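Residues per chain are reported as follows:
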Amino acid sequence: MKRLKTTGQLYDPEAEYCDEERELRRYLARQERLLGPTHLDLAPDLYRLGILCFKLDKYAAAEALLLRALEIQQNSSGPADPDVRDSTIAREFLQLLKINA
């Protein structure tokens, strides 16, 4: 939904999300090259990108990103870690959406 900025210009939050998605994907690609595809430091950004994709109605991409973040976190920290719990909740939420779609 577009809104008017205070300057009178149209503001399109979806376009801003798309820009943010592109930048976050670039950042993740660089980090993955530097750290490797299963490094724990990638998980929070994968999670953020997954939530962003969800906001953009890209549910399949969101689910894949959240699952990857969860797998990295579980392999590194174990299931009791709070970040693992957050990713699990997000994944379950996505599964509920798919069931109700």
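Being a predicted model, the structure only gives us computed values, none of them experimental.

### Observations regarding the overall build of the chain
Link 1 in the chain: Each helix and strand counted, the chain has four helices and two strands in total.
Link 2 in the chain: Walking the chain from its N terminus toward its C terminus, one meets helices and strands in the order β-β-α-α-α-α.
Link 3 in the chain: Considering only contacts in the chain between residues 6 or more positions apart, those separated by 24 or more positions represent 53%.
Link 4 in the chain: Taken as a whole, the chain presents about 6,900 Å² of accessible surface, with 54% of it coming from carbon and sulfur.

### Some details on the environment of Ser-76
Link 1 in the chain: Among the structural elements, Ser-76 can be located in helix α3 (residues 59–77).
Link 2 in the chain: Looking at Ser-76, the relative accessible area reads 43%, which means it is partly exposed.
Link 3 in the chain: Those residues within four positions of Ser-76 in sequence are excluded, and the remaining contacts are Thr-38 and Leu-40.

### Some details on the nonpolar core
Link 1 in the chain: Leu-28, Leu-42, Leu-46, Leu-49, Cys-53, Leu-65 and Ile-72 are the most contacted members of the largest nonpolar core, which has 13 residues in total.
Link 2 in the chain: Put simply, the parts of the chain that give this core at least two residues each are α1 (13–35), α2 (43–55) and α3.
Link 3 in the chain: Residue contributions to this core peak at five residues, all from α2.
Link 4 in the chain: The contact partners of Leu-28, leaving out residues within four places of it in the chain, are Leu-42, Asp-45, Leu-46 and Leu-49.

### Topic: the environment of Ala-69
Link 1 in the chain: Considering the arrangement of structural elements, one finds Ala-69 in helix α3.
Link 2 in the chain: Owing to a relative accessible area of 0%, Ala-69 belongs among the buried residues under this scheme.
Link 3 in the chain: Spatially, the C-alpha atoms of Ala-69 and Asp-45 are 8.2 Å apart, while their sequence positions differ by 24 residues.

Definitions and cut-offs
- Residues numbered from 1 in each chain as written.
- Predicted model: local features only at pLDDT ≥ 70, side-chain atom pairs only at ≥ 80, totals over all residues.
- Heavy atoms only, no water.
- Helix = DSSP H or I, 4+ residues; strand = E, 2+ residues; numbered from the N terminus.
- Contact = heavy atoms within 4.5 Å.
- Areas by Shrake-Rupley, 256 points an atom, 1.4 Å probe, with all protein chains shown as cover.
- Buried < 20%, exposed > 50% of the residue type's maximum accessible area, 1.4 Å probe, protein only.
- Core = buried A, V, L, I, M, F, W, Y, C linked by side-chain atoms within 4.5 Å.

Fair warning: the whole summary comes from geometry, so function is off the table for now.
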